[in-house]
Amino acid sequence: MRCFAAPSNVSQIANSQNAPSERLRWSLMLCLLSLLLPSLLAAQIIIIPEPGPRPHPLPRPWLPSPTQAYALKELQVDASIKQQIATTQVTQVFQNTSSEPIEVSFVFPLPYDGAVDRLTFLVDGKEYDAKLLPAAEARRIYEEHVRRAQDPALLEWVGTGMFKTSVFPIPAGATRTVQLRYSQLLRQDSRLTDYLFPLATGKYTAKPLDKLALRVAIESVEPLKNIYSPTHQVTISRDDDRHAVVQLTATNVVPNADFRLVYDSAPGNVAASLISCWPAGEQAGYFVLLAAPELKSSGEQPARKTVIFVLDQSGSMSGEKIEQAREAAKFVVNNLRPDDQFNVVRYENDVQSFATELQRFGNESRSSAIGFINSITSGGGTNIDGALTAATKMITESQTPSYIVFLTDGLPTVGEINELKIAENMRRGNQHQSRLISFGVGYDVNARLLDRLSRENRGQSEYVRPNENIEVAVSRLFSKMSAPVLTNLQLNYQFPQTSVEAGQAVDRVYPKDVQDLFAGSQLVLIGRYRKSGAATVRLSGKVGSTEQSLEFPVEFAAQGGSDTFGFIPKLWAARRIGELIDLLDLNGRNEELIKELVELSTKHGIVTPYTSFLADENSTVRQLTDFNSKLGLTRDNLNMLDQTAGSSGVFQRAAKQQFKGAENLAQAAPEAREYPTAGAGGLDAEGIAGGGGRPGNAGSAAPRRAAQGVRQVGNQTLYKRGKTLVAENAIQIDLEKDASRIVNIKRFSAEYFELVAANTSAENQLFAEQTADEELLVQLRGKLYRIE
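Right, let's walk through the structure included here. Everything quoted here is computed from the prediction, not taken from an experiment.

Some remarks on helix H7 (residues 447-456)
Here's step 1: Counting buried residues along H7, seven of its ten residues qualify, which places the element largely inside the surrounding structure.
Here's step 2: Where H7 is concerned, the buried positions are Ala447, Leu449, Leu450, Asp451, Arg452, Leu453 and Ser454.
Here's step 3: Put simply, Asn446 is the residue that caps the front of H7, since its side-chain oxygen is 3.2 Å from the backbone nitrogen of Arg448.
Here's step 4: Just downstream of H7, Arg458 is the residue with a positive phi angle, here 55°.

In structure tokens, the structure reads:
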């Protein structure tokens, strides 16, 4: 929530000369920002000082203030959604950290199309009055604070109405529990109900929250299917098919993104919903397709599956690792279902199986398998090729979906040890299209080999760091795939009146190899499209041995339409970047792919280990805008892919897999990782840049936070270079060639506020990011501006 200080009576304070509390009086602004339009969401906490001889510095994370007038200690959000009506209660604990009392009033900006009613405001249990101000009056208050305080943080709310409360005091050192309750009619779009909450306190408060807790309870008349947060990694629990609870918890955290949740409900075995966005001026639009099966079948037994657990028992697995690996294998066996087929393979120099052929799961086979697992001890070499060959030979038919769960902590040392030959042997032996799920344990694995095996066998790679538990990693993934509902998925996008000459209407959909659909999980597909309007998505696959096909009507947004789902292009770019890195890693360097990697990383502000120079705020604007310079640095940094093992090799492949599977902005955000800067050294055990020398040489330089020179502003990116902020739409400028067409504008001048009035909310968000010692380069309506 963003809070800003405002005099409780602006005109009285401005005219008064003698009131002793004038210099002390502050107001806080608690933002209930749009739960409807993400472009209106900024939801930060800021303090704006009143006029006086002792101005209070504005705290920002990039320019942290040594003194603060207040601290937001706790934020708790409890929401319940029934039939498109959301009731939200927000509880915040504020502390006056100054040595003098302050008087505050809270103001709640609302979007122009807001549907909020029954708003109640309490301070320590006492209710305070609040009144609705129309947009025109609210605009006057917003601009008055911007002009007086010389800070643009409120600009994104220009054009919105507000609720304003009466004044209440906070004594020095005291805390106040502020509670806000409101109800809202949520928007529905493409059959998805959309809930948003302004959570991003990170931009304007330098002190982390002690506690953050967000809980959304959903109740539906029809069965709930897809539940998806594009902004955060959340936990979702379902007691039955009509109730769900979504939770987000954290401690000592500065939230830097607003919370968003979408869900749908529908009868039937599977439901699919599509959301899309086609930004103006781009050649293609972007979409997210969500597909989820019903939570429980109508008394029907889930489809049978085959699972083979292949476990490394080489000498390097001794100690805690072999104990955890045994527990992981037992978890897999204990969570099989009646009628499943299974086997367990252990390997070191030699390969040994629990049984010579697949076993039908039952009490007797389960007990025997657990005994076999308990007898596993560590010792010997690592015969990866032999173990995989043994596993694939056990699978003799394609009707039953089959999964090989492969675990190793080392490099191949026995039998075939050549990476390409091992992969080729696996591909040839896998005649029945089993999915290979690879777990790399520790840093001694050939991570590129595991990625190659998984990609060529329709699976995925997971990496377990030395301080992580093997059983937890295996059980977390296997729990999601315990009950296949629809296997061998195929998707087809059908547009009316589309000719072959028009080319593909939909392309570059990720993941490329569509996964099976499991009970309790959902499929998140992200792709591009070049034709808008009504269409039909046809989803086909097998339910057991029976072919089934389902069709869902969808609507692809027209070019230049609403930016409601403006986050989708960045999610697509993250997955495409993961795919590009994978191709460069497995197939070797390709100039066109490298160029695309640089273009996408720059455009969307997605920092990778190979484009980490984007985060270097100490470089110049010229270096940022010079494509050839960025291309050369990327080529050099891609040499790190030659490291296939060690902490660097594992970290790079883990980061690549995260990009390939990114489902929310948190997984695509540069804040999530620390990367080497251009010309830096290798990566240590935590994936942190080392210093000195060419890529691949470990060093000891201090780690650099990847987002240091990158700011994510809603769905946009700002790059910081020295004192200059460069908007992503100005990244192609040439400061010398374009100097004559740059329009210089002074902040808070009449011309500045003319721009503010003409800007969209998203454009004003960029203005709101600029601090007093920064200048902003941005394109607005075809003109290039420098805001000084």
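A word on the environment of Asn664
Here's step 1: Structurally, Asn664 is set in the loop between helix H13 (646-660) and helix H14 (665-668).
Here's step 2: On the basis of relative accessibility, which here comes to 5%, the residue Asn664 falls in the buried class.
Here's step 3: Along the chain, Asn664 and Gln233 lie 431 residues apart, while their C-alpha atoms are 7.1 Å from each other.
Here's step 4: Ignoring sequence-local partners within four residues, the contact set of Asn664 consists of Ser229, Pro230, Thr231, His232, Gln233 and Leu571.
Here's step 5: From its side chain, Asn664 meets the backbone nitrogen of Ala666 in a polar contact 3.1 Å long.
Here's step 6: Within the local environment of Asn664, its side chain forms a polar contact with the backbone nitrogen of Gln667, the two atoms lying 3.0 Å apart.

Thoughts on the sheet that holds strand S12 (residues 192-197)
Here's step 1: Strand order in this open sheet of four strands is S11-S12-S17-S14, and the pairing throughout is antiparallel. The strands lining the two open edges of the sheet, one partner per strand, are strand S11 (187-189) and strand S14 (224-228). Ignoring strand direction, the axes of neighbouring strands in this sheet form an average angle of 25°.
Here's step 2: One ladder, built from five bridges, connects S12 with strand S17 (residues 259-265); its direction is antiparallel. If you follow Leu196 over to S17, its bridge partner there is Arg260.

Some points on the nonpolar core
Here's step 1: By size, the foremost hydrophobic cluster in this structure holds 38 residues, and its most contacted members are Val288 and Ile568.
Here's step 2: Among the elements that line this core, the one with the most residues is helix H9 (residues 568-587), at ten residues.
Here's step 3: Setting aside residues up to four positions removed in sequence, Ile568 forms contacts with Ile275, Ser276, Cys277, Tyr286, Phe287, Val288 and Ile526.

Some details on the pattern of salt bridges
Here's step 1: The full count for this structure, using the stated rule, is 37 salt bridges.
Here's step 2: In this structure, the salt-bridge partner of Glu327 is Lys330, at a minimum N-O distance of 2.9 Å. Taken together, the positions of Glu327 and Lys330, both in helix H3 (residues 320-334) and three residues apart, correspond to about one turn of that helix.
Here's step 3: What makes Glu327 partly exposed here is its relative accessible area of 33%.
Here's step 4: One continuous salt-bridge network, built from bridges that share partners, spans Asp451, Arg455, Lys512, Glu579, Asp582, Asp585, Arg653, Lys656 and Lys660.

Digging into the packing of aromatic side chains
Here's step 1: Enumeration over the complete set of coordinates arrives at 16 aromatic pairs.
Here's step 2: Between the aromatic rings of Tyr286 and Trp572, the centroid separation amounts to 5.3 Å while the plane-to-plane angle is 55°, which identifies the pairing as tilted. A residue pair is termed long-range when its members are at least 10 positions apart, and Tyr286 in strand S19 (residues 285-293) and Trp572 in helix H9 qualify at 286 residues. For the pair Tyr286 and Trp572, a shared accessibility class is recorded, and that class is buried.
Here's step 3: Note on Phe354 and Phe372: the rings are 6.0 Å apart at their centroids and 55° apart in plane angle, and the pair reads as tilted. With a gap of 18 residues between them, Phe354 in the loop between strand S22 (351-353) and strand S23 (359-360) and Phe372 in helix H4 (residues 363-374) connect regions that are remote in the sequence.
Here's step 4: Classification of Phe354 as buried rests on a relative accessible area of 19%.

Some remarks on the packing of H7 against H9
Here's step 1: For the pair H7 and H9, the least separation of the axes is 11 Å and the interaxial angle reads 110°. On the basis of the axis angle, H7 is roughly perpendicular to H9. Regarding H7 and H9, the two cross each other, and that crossing is left-handed. Between H7, through Arg448, Asp451, Arg452 and Arg455, and H9, the contact on the second element is made entirely by Glu579, Asp582, Leu583, Asp585 and Leu586.
Here's step 2: When the residues that make up the contact of H7 with H9 are grouped by side-chain class, the tally is two nonpolar, no polar and seven charged.

Cut-offs used in this document
Residues numbered from 1 in each chain as written. Predicted model: local features only at pLDDT ≥ 70, side-chain atom pairs only at ≥ 80, totals over all residues. Heavy atoms only, no water. Buried < 20%, exposed > 50% of the residue type's maximum accessible area, 1.4 Å probe, protein only. Helix = DSSP H or I, 4+ residues; strand = E, 2+ residues; numbered from the N terminus. Polar contact = N/O pair within 3.5 Å; in protein donor to acceptor, adjacent residues only side chain to side chain. Contact = heavy atoms within 4.5 Å. Pairing = 2+ DSSP bridges. Axes fitted to C-alpha atoms, helices over the stretch in contact; angles between N-to-C directions. Core = buried A, V, L, I, M, F, W, Y, C linked by side-chain atoms within 4.5 Å. Salt bridge = Lys/Arg side-chain N within 4 Å of Asp/Glu carboxyl O. Phe/Tyr/Trp six-rings, centres within 6.5 Å; stacked < 30°, edge-to-face > 60°. Parallel < 35°, antiparallel > 145°, perpendicular 65-115°, else oblique. Left-handed = near helix turned anticlockwise from the far one by under 90°. Nonpolar A, V, L, I, M, F, W, Y, C, P; charged D, E, K, R; others polar.

Keep in mind these numbers describe shape, not what the thing actually does.
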